[in-house]
Amino acid sequence: MTGIPDPSAIPDPSARAEELRRLVEYHNHRYHSLDDPEIPDAEYDALAGELRAIEAARPELADAASPSQAVGGAPSALFAPVAHQVPMMSLDNAFSFQDLVAWAKRIERVVSGEVRFACELKIDGVAIALVYEAGRLVRAATRGNGEVGEDVTANVATVSAIPERLDLPADQVPARIEVRGELYMPLAAFEALNRQRAEAGLRLFANPRNSAAGSLRQKDPAVTATRELAYWAHQLVQAEAGAARAAGPAAQPQVRRHSEALAWLARAGLPVNPELAVVSSLEEVHDYCRRWEERRHDLDFEIDGVVVKVDDLSQRRELGATSRAPRWAMAYKFPPQERATKLVDIMVSIGKSGKATPFARLEPVVVGGSTVGLASLHNEDQVALKDVRPGDTVLVRKAGDVIPEVLGPVLSARPDGLARWHFPTRCPVCGGPLVRLAGESDTYCTNLDCPGQRLQRIVHFASRGAMDIEGLGESRVALFVQQGLLADAGDIYAIRAEDLAGLPGFAQQSVANLLGAIEASKKRPLANLLVGLSIRHLGETGAVALARALGHLDRIQGASVAELAAVEGVGPKIAASVAGFFGSPRNQVVLEKLRRTGVNLEGPAAPAQVQLLEGCSVVVTGSLKGWSREEAEAAIKARGGKSPGTVSKKTTAVVAGTDPGGAKLAAATDLGIPVVDEAGFAALLETGHLPAA
């Protein structure tokens, strides 16, 4: 693993090994027994990897009782113990493709014949073993320490994804079978659960894996039943040969490969992840790992890597296992999405509407493949609930393009006497009062002339979701405000080439590019202009609805609250906010500037777009040549349809471009929902009908 110190460079390896054993045992207990880890997986992997490296380099320091040889954690006294007939082992980890190549070369020296690899997604969940006797679920157990787990049968029985009986013909039902897999919580369910806990003032779960483990290990199965849990089966465990013979010919399915075993599990009614790939070369293994590292956020569940296994079961028997892991499998770990770092300070930013948002200034740390120095803390209640304090070591999470977030403190690392942070009462930009509105969790600067608000309103106006002025980001807006070129969004269209001459970063071509982008933005649709005006509560959907229904900025400005509220998709709250915005003399000054400079004020050209997709729900996945994702979704909405991010029973069709999300395609297949390509999408937009199969 990269980042592990060279054992030969450690001054006192014996003392370091003892320290590492203590730390690994402590964090094992937090993770496996308490379902409350203090450090991310990557930090734990580094500690355990360093310990194993020292023990390998200095055999005299190796100890059979070392946690480096342990699997999982001790079973909890909350549940009855279950002895595993076949040990539930851990997996060795690879943190680079070079690690995978080295593993494969070791395999080639042992086994005979061609090696084919089964590649599967590594689900970030809780390992569960299911035992079926005569086709009926009789026991479910956790991994525990690998030899003895916890009996969680009553709780697992509440998980709808796990069948109570195998769906097989009577003559094919095994006398006894064991199935292993991962119990997990889908992302949507995790987010909903944390929202409920936040509203109740309860501590939030750090991630879906913790929420799944906490939901499973409840004394009362009725509590588990209220949590949305799911399961992916990933291993069929053969019973001992004697037991199989005693039970008769139907005791075991006859399979020779792991992929065949998974196919049998799927036929038996167990959920098997559809993204299995069996390949014959390491290049194909690498392609699979790289593809899913890029697409991991397309899924509705968390993965932290790929598991690569030898597919042939006879070759597995040749390879055998170490004391803790099979030699025929390797977990390829993705860059961590969670890391620990120091919280240097908590600061407050002021947004375009005056919203005061706390954020963390961190010691820079690489998370999710990029360096993070700032992270969101959302609002005053979230800071209080997480109780993070400047000087804390905190856990930071970054998933894909999502803004990095501070999850909580590592309490065991908190210095003595660290003061609790309190939300400020004055705006950090203008010094005006910060006010928390009744019934809301957010705090606002009430000074409409606050320079912080003005800056962010201009930045938002130029952003991609609004007027999309390429090259006019926050740093340039701040420069132009400082130079006196911008006081509000209306001033953007008065910028001239001579105003930019001599400013840092503006050569002749960059000046031409920016002025060209500003000019092009004048033609943006009315809905984009409405979004760019930063009208509180008015988002893209409401802006499109107003532009379509009223057709011109002047008609929107002249409409009463009742007339605005009568527009479908608007409602009284948005209507009151829109009317209030247009009634403000300050805003009327900005609008007059926009009128004079020729910005488009008209809605869709008459006649309005025929609502060919009214009542339809069309999901777009993958890349399309003719549309950006935003343009494709806008085209659907313009025709009266909806374009959600997930596939459900209500989905009319799925549009699949290049590199589509596998989970969305699998869901479409399972639900019998039509999948169309880009040409089919064009036909759907033109006719309102799916092309003939």
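Let me sum up the structure you'll find in this document. (Residues numbered from 1 in each chain as written. Predicted model: local features only at pLDDT ≥ 70, side-chain atom pairs only at ≥ 80, totals over all residues. Heavy atoms only, no water.)

1. A short note on the overall build of the protein
Then step 1. If you tally the helices and strands in the protein, you get 25 helices and 21 strands.
Then step 2. A globule of 693 residues ought to have a C-alpha radius of gyration of about 26 Å, and the protein, at 29 Å, matches this closely.
Then step 3. With the C-alpha coordinates of the protein rotated into their principal frame, the extents come out at 90 × 70 × 50 Å.
Then step 4. Classification of the 693 residues of the protein by burial places 48% in the buried group.
Then step 5. Partitioning the contacts of the protein with sequence separation of at least 6, the portion at a separation of at least 24 is 69%.
Then step 6. Carbon and sulfur atoms provide 52% of the accessible area of the protein, an area that totals close to 32,700 Å².
Then step 7. Taking the 75 positively charged and 85 negatively charged side chains of the protein as two groups, their mean positions are separated by 2 Å. (Helix = DSSP H or I, 4+ residues; strand = E, 2+ residues; numbered from the N terminus. Rg over C-alpha atoms; globule rule 2.2 N^0.38 Å. Buried < 20%, exposed > 50% of the residue type's maximum accessible area, 1.4 Å probe, protein only. Contact = heavy atoms within 4.5 Å. Areas by Shrake-Rupley, 256 points an atom, 1.4 Å probe, with all protein chains shown as cover. Lys, Arg positive; Asp, Glu negative; His and termini not counted. Charge placed at Lys NZ, Arg CZ, Asp CG, Glu CD.)

2. Digging into the side chain of S215
Then step 1. Note that S215 resides in helix 6 (residues 208–216).
Then step 2. Within polar-contact distance, the side chain of S215 engages the backbone oxygen of S211 at 2.7 Å.
Then step 3. The residues contacting S215, other than those within four sequence positions of it, are M185, L193, T224, R227 and L229. (Polar contact = N/O pair within 3.5 Å; in protein donor to acceptor, adjacent residues only side chain to side chain.)

3. A short note on the sheet that holds strand 8 (residues 230–237)
Then step 1. The strand order 5-4-7-8 describes an open sheet built from four strands, whose pairing is antiparallel. Sheet topology places strand 5 (136–142) and strand 8 at the edges, where each strand pairs with a single neighbour. Sheet twist, expressed as the mean angle between neighbouring strand axes with direction ignored, is 30°.
Then step 2. Pairing geometry for strand 7 (residues 176–184) and strand 8, over seven bridges, is antiparallel. Paired with V179 across the two strands is L236, which belongs to strand 8.
Then step 3. Strands in contact with helix 6 are strand 4 (126–133), strand 5 and strand 7; relative to strand 4, the strand with the most contacts, it is inclined by about 45°. (Pairing = 2+ DSSP bridges. Axes fitted to C-alpha atoms, helices over the stretch in contact; angles between N-to-C directions.)

4. Some details on the pairing of strand 3 (residues 117–123)
Then step 1. Counting buried positions along strand 3 gives seven out of seven residues, so the element sits mostly inside the fold.
Then step 2. Here strand 3 pairs with strand 9 (residues 277–279) via three bridges, running antiparallel. In the strand pairing of strand 9, C119 is matched with A277.
Then step 3. Examined bridge by bridge, strand 3 and strand 10 (residues 303–310) share seven bridges and lie antiparallel to one another. Looking across to strand 10, one finds that K122 is bridged to G305.

5. Some thoughts on the environment of R21
Then step 1. By the element assignment, R21 lies in helix 1 (residues 13–33).
Then step 2. Taking the relative accessible area as the measure of exposure, R21 reaches 9% and is therefore buried.
Then step 3. For R21 and A48, which are 27 residues apart along the polypeptide, the C-alpha to C-alpha distance reads 8.3 Å.
Then step 4. Residues within four places of R21 in sequence aside, it is in contact with L51, E55, L61, A62, D63, S66 and P67.

6. With respect to the packing of aromatic side chains
Then step 1. Taken as a whole and assessed by the stated rule, the structure comprises nine aromatic pairs.
Then step 2. With a centroid separation of 6.3 Å and 80° between ring planes, the pair formed by Y332 and F334 is classed as edge-to-face.
Then step 3. Judged by relative accessible area, which is 5%, F334 ranks as buried.
Then step 4. A centroid spacing of 5.4 Å and a plane angle of 85° characterise the contact between F581 and F582, whose relative ring orientation is edge-to-face.
Then step 5. By relative accessible area, which is 13% here, F581 ends up buried.
Then step 6. Taken together through their ring pairs, the aromatic side chains of Y184, W232 and F301 make up a single cluster.
Then step 7. A cation over a ring is seen here: R197 above F205, with NZ or CZ 4.6 Å from the ring centre.
Then step 8. In this structure, R316 is placed above the aromatic ring of W328, and the distance from its NZ or CZ to the ring centre is 3.9 Å. (Phe/Tyr/Trp six-rings, centres within 6.5 Å; stacked < 30°, edge-to-face > 60°. Lys NZ or Arg CZ within 6 Å of the ring centre and 35° of its normal.)

7. A look at helix 22 (residues 585–596)
Then step 1. For helix 22, with twelve residues, the first-to-last C-alpha span of 17 Å sits near the 16 Å given by 1.5 Å per residue.
Then step 2. By the burial criterion, the buried members of helix 22 are N587, V590, L591, K593 and L594. All buried residues of helix 22 lie within an arc of 155° about the axis, which places them on one face of the element. Facing away from the buried side of helix 22 by over 90 degrees, the exposed positions are P585 and R596. (Expected span 1.5 Å × (residues − 1). Arc of directions from axis to C-beta.)

8. Thoughts on the state of the cysteines
Then step 1. Under the criterion given, the structure shown has zero disulfides.
Then step 2. Of the cysteine sulfurs around C119, a residue in no disulfide, the closest is that of C289, at 6.0 Å.
Then step 3. A disulfide-free cysteine, C445 has its sulfur positioned 3.7 Å from the sulfur of C430, the nearest such atom. (Disulfide = S-S within 2.5 Å.)

9. Points about the packing of helix 3 (residues 97–108) against helix 10 (residues 282–295)
Then step 1. Running from amino to carboxyl end, helix 3 crosses helix 10 at an angle of 145°, the nearest separation of the two axes being 11 Å. When you trace helix 3 past helix 10, the crossing you get is right-handed. Of the residues in helix 10, those in contact with F97, L100, V101 and A104 of helix 3 are L282, V285, H286 and C289.
Then step 2. Split by residue class, the contact of helix 3 with helix 10 holds seven nonpolar, one polar and no charged. (Left-handed = near helix turned anticlockwise from the far one by under 90°. Nonpolar A, V, L, I, M, F, W, Y, C, P; charged D, E, K, R; others polar.)

10. Points about the side chain of E178
Then step 1. Along the chain, the position of E178 falls in strand 7.
Then step 2. When neighbours within four sequence positions are excluded, E178 is seen to be in contact with A129, L130, V131, Q235, L236 and V237.

11. Let's talk about helix 21 (residues 571–582)
Then step 1. Compared with the 16 Å implied by 1.5 Å per residue over twelve residues, the 17 Å span of helix 21 between its first and last C-alpha is a close match.
Then step 2. Buried residues of helix 21: G571, I574, A575, S577, V578, F581 and F582, and no others. Take helix 21 and look down its axis: the buried residues cluster within an arc of 165°, on one side only. Among the exposed residues of helix 21, those pointing more than 90 degrees away from its buried face are P572 and K573.
Then step 3. Buried residues along helix 21 sit against helix 17 (526–532), helix 18 (540–550), helix 19 (553–558), helix 20 (561–565) and helix 22.

12. A few points about the packing of helix 13 (residues 451–462) against helix 14 (residues 474–482)
Then step 1. With their axes 10 Å apart at the nearest point, helix 13 and helix 14 run at an angle of 130° to one another. By the angle between their directions, the pair helix 13 and helix 14 is classed as oblique. For helix 13 against helix 14, the interelement crossing comes out right-handed. Residue-level contacts link L455, Q456, I458 and V459 of helix 13 to E474, V477, A478 and V481 of helix 14.
Then step 2. Here the contact of helix 13 with helix 14 is composed, by residue class, of six nonpolar, one polar and one charged. (Parallel < 35°, antiparallel > 145°, perpendicular 65-115°, else oblique.)

13. Quick word on the sheet that holds strand 2 (residues 93–94)
Then step 1. The five strands are arranged 2-11-10-3-9 in an open sheet whose pairing can be described as mixed. Where the open sheet ends on each side, the last strands, each with one partner, are strand 2 and strand 9.
Then step 2. The sheet strands contacting helix 10 are strand 3, strand 9, strand 10 and strand 11 (329–333), and the helix crosses strand 3 at an angle near 20°.

Everything listed here is a matter of coordinates, which is why it stays silent on function.
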